[in-house]
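# Breakdown of the fold
Residues per chain, in single letters:
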Amino acid sequence: MSDIKPKISVSNLNVFYGSKQAIFDINMSINSKEVTAFIGPSGCGKSTLLRCFNRMNDLIDICKINGSIKLDDLEVYSKKIDIVRLRTRVGMVFQKPNPFPKSIYDNVAYGPKIHGLCKDVSELDGIVEKSLQSAGLWEEVKDRLHEPGTGISGGQQQRLCIARAIATNPEVILMDEPCSALDPIATAKVEELIDSLKKNFTIIIVTHNMQQAARVSQKTAFFHLGALIEFGNTDKVFTSPEKEKTSDYITGRFG
Amino acid sequence: MNKEFLNKRYKKEKRFILIGRVAVSLTIIFLVILLGSILLRGISGFYTTNIFLTTNLSQEIIDPENKKNVEEIYKSSWRKIARNSIYDVLSAFNKSKNIDKISRKDKRDFLKLFSRSSEFYIRDFTLENLDSIGKEVKISIPSSSLVDQFLKGKINIAVNEDDRPINDKQISWINFMVENKMIERKFNINFFYKGDSRNAEEAGILGAIVGSFFVILVAIIVAFPVGVMSAIYLEEFAPKNKITNIIEVNINNLAAVPSIVFGLLGLAIFLNFFGLPRSSPLAGGLVLALMTLPTIIISSRVAIKSVPPSIREAAMGIGASKMQSVFHHVIPLAVPGILTGTIIGMARALGETAPLLMMGMVAFIVDVPQSITDPSTVLPAQIFLWSDQPERGFEEKTAAATIILLVFLLTMNALAVFLRYKYERKW
Ligand SMILES: Nc1ncnc2c1ncn2[C@@H]1O[C@H](COP(=O)(O)OP(=O)(O)OP(=O)(O)O)[C@@H](O)[C@H]1O
Ligand SMILES: [Mg+2]
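Residues numbered from 1 in each chain as written. Chains lettered and ligands numbered in written order. Predicted model: local features only at pLDDT ≥ 70, side-chain atom pairs only at ≥ 80, totals over all residues. Heavy atoms only, no water.

### Considerations on the overall build of chain A
What counts, and what does not: Strands here mean DSSP runs of E at least two residues long; helices mean DSSP runs of H or I at least four residues long; both are numbered from the N terminus. Each radius of gyration reported is based on C-alpha atoms, and the globular scaling rule is 2.2 Å times the count of residues to the power 0.38. Exposure is judged per residue with a 1.4 Å probe applied to protein chains only, and the accessible area is read against the type maximum: over 50% gives exposed, under 20% gives buried, and values in between give partly exposed. The criterion used for residue contact is that any of the two residues' heavy atoms lie within 4.5 Å. The Shrake-Rupley method, run with a 1.4 Å probe, gives the accessible areas here. Residue values count only the displayed protein chains as cover.
Each helix and strand counted, chain A has 10 helices and 10 strands in total. Its C-alpha radius of gyration of 18 Å places chain A within 12% of the 18 Å reference for a compact globule of 255 residues. C-alpha atoms of chain A, sized along the principal axes, occupy 55 × 45 × 40 Å. For chain A, the residues scored as buried account for 54% of the 255 residues in total. Taking all contacts inside chain A whose residues are at least 6 apart in sequence as the whole, residues at least 24 apart take part in 66%. Accessible surface, chain A as shown: approximately 11,400 Å² in total, 50% of it carbon and sulfur.

Printed below as a string of structure tokens:
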């Protein structure tokens, strides 16, 4: 496991909301081009940790972080880092689909535009089409690219958000319960999509759905009360967990 | 659940709905009464009475040497011409009634049936039609407000002659002119083309409209950018600490300060310290800008705050800077709220008199202002001034001006509603 260089490595990470500690001394490495699932009972700090990777926690004034997170060789919490640059490398998909109230096209084109990733309109068109295709949405929306992104179904909106995230060509995609607002069919589509995306992206997904974690991920991390209890290959975590707490949670005895 | 309990619940609901309907009906009734009475009284103010006066534009008096020199014609004795033609009417009346003596009192009373500026109408007519000098022409000139009010039935003639502004002789003169088709009822264009006047039949609203327009213009130009920028800064960029807290509390306090206090402030700062021209829309507009600033800031902040955080997160999540996320995503969604707040603030400013009192804008000003530094008055101040006039004719002017003010206010509110629908929340 240690012979491949990890994409993200976390060491001695502690996160506080004011005086309340939400994350306790976490160490973990996340591999490149794999899907890593975060599971654990509500309030255990999965979202908090996830939001550390692209510094979305900066938006919360009371949130304080110590420890280190490295993206390749880049220290995420160093003072010199360009956060805008970081967020183009680490994209994010949120729990509730949150397309901009603009057209489908503009939703996807916004990232490349503000980062100057394209020279002209035709190149931008290309990026939009490619991203929508990767998100498996192209066929459904290609005739209505200029209709509002908020006017499509919830599942389509979530895939639009995924397309928007991959349009800036990130290395890592963070997904915080991306399917919790979707029906089983839309969920299946997104899961399929995640599976196909792992060829090109490193994906971290938070989920409350054990089957989903088992289906889509290669690695699973189980958290409890802000601590990382168990982290390993998904097969192993689900079939023969080392810790009692993990097996209790997976079999539904708490959480 | 037992039946009795359910019934009770339904009854409660019915009672509540009933109370609500009564309340709404009452509001509507009051509104109808208010608008109805203003309309009833004001509509007639848009009409006025003119008298066709057969005037002899005597060559001798106007242009004895036939030089057609406009300046000299301008200076001729128009009063004499006007008086002559007015007294001719009186003579005609007397002839028809076989009276041969004209007393001075009769002359004076008869003169009161005509506008005090009759001579200027004759003069202006002549200057436009130089060919008619030396001829006899029929010119339509405004009657005095006395005739106008009498013909509109606004003067109670049932009372004793001494107790009414019009005497029996005057009434018979008016009837004579009506019989001879000398009286014309027409739309009062002058009302929209002139400034204030001491004579009701001459008084117009244009000065006040232009004054109000300039004042609101100044207020918008100052208050809108400052207010919106403050709101954006406070809501999105300012650190949350004691100082910003104090600022926030004080903005809310400012919104509750009585408007007259802003007038005092304006008097001290804009007039006394900066020495801006008194009674000018510039000074008045600045005071109203100060007054509406808190309203604009508060409503803009509410509009900005109500943009869901998920939109900001989405923008930040793909690497937009704070500035980009605010200006590309948050502000466009907040625009309807910001505009609505601004328009409502401006509508309030449009109806405000108290602070302008301090700035000397509640004043008798005849000239229509040409720029924001000319002395001027505003619509509500004009209404107040007219309502204070003892002369009968000003009563309907007051109501007519009120109608105009209401039309402006309703237009602004309609604009606010329109903007809200046009840019309705799209998330
Ligand atoms: N903005 C915040 N301010 C203060 N405390 C917070 C904030 N966000 C989260 N917390 C606290 O941090 C802890 C971890 O929260 P977090 O949202 O990371 O949990 P989670 O594992 O994602 O839960 P869920 O599965 O319900 O989404 C919780 O105890 C929560 O109360
Ligand atoms: Mg969460």
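Still more ground to cover, so stick around.
### With respect to the site of ligand 1
Residue and element names in this part refer to chain A. Put simply, the rule is: The rule for a residue being near a molecule or strand is that one of its heavy atoms must lie within 4 Å of it. The term polar contact refers here to a pair of N or O atoms within 3.5 Å; inside protein, the definition further demands a hydrogen-donor-capable atom paired with an acceptor-capable atom, and it admits residues adjacent in sequence only when both atoms are side-chain atoms.
Among the 14 residues in the neighbourhood of ligand 1, the closest are listed as Ser-42, Lys-46, Ser-47, Thr-48 and His-208. At 2.4 Å, a side-chain N or O of Ser-42 approaches an oxygen atom of ligand 1. Between ligand 1 and the protein, one listed contact pairs an oxygen atom with a backbone N or O atom of Cys-44 at 3.2 Å. A total of 630 Å² of accessible area belongs to ligand 1 in isolation, and the protein chains cover 66% of it. Breaking the shell around ligand 1 down by element, the ones donating at least two residues are β2 (20-30) and α1 (46-53). Per-element tally for the shell around ligand 1: the top contributor is α1, with three residues.

### As for the domain arrangement of chain B
Residues and elements named next belong to chain B. Formally: Either an automatic procedure or a domain database provided the assignment from which the domain bounds are taken. Simply put, the buried area is the total loss of 1.4 Å probe accessible area from both parts when two parts are fitted together. Whenever Lys or Arg places a side-chain nitrogen within 4 Å of a carboxyl oxygen from Asp or Glu, that contact is recorded as a salt bridge. As a working rule, the residues Ala, Val, Leu, Ile, Met, Phe, Trp, Tyr, Cys and Pro are called nonpolar, Asp, Glu, Lys and Arg charged, and the rest polar, with Gly in that last group.
By the assigned domains, chain B splits into domain 1 (47-187) and domain 2 (206-423). In this structure, domain 1 and domain 2 have C-alpha centres spaced 47 Å apart. Around 440 Å² of area is buried between domain 1 and domain 2 when both sides are counted, 34% of it from carbon and sulfur atoms. Among the residues of domain 1 in contact with domain 2, Ser-145, Gln-149 and Lys-154 are the three that bury the most area, contributing 72% of the side total. The interface formed by domain 1 and domain 2 holds two salt bridges in total. Of the charged contacts, one joins Lys-154 and Glu-396 as a salt bridge, the two residues approaching to 3.7 Å between their closest N and O atoms. Viewed at the interface, domain 2 and domain 1 are joined by two residue pairs in polar contact (both at pLDDT 80 or more). In the side of domain 1 that touches domain 2, the residues fall into one nonpolar, two polar and three charged.

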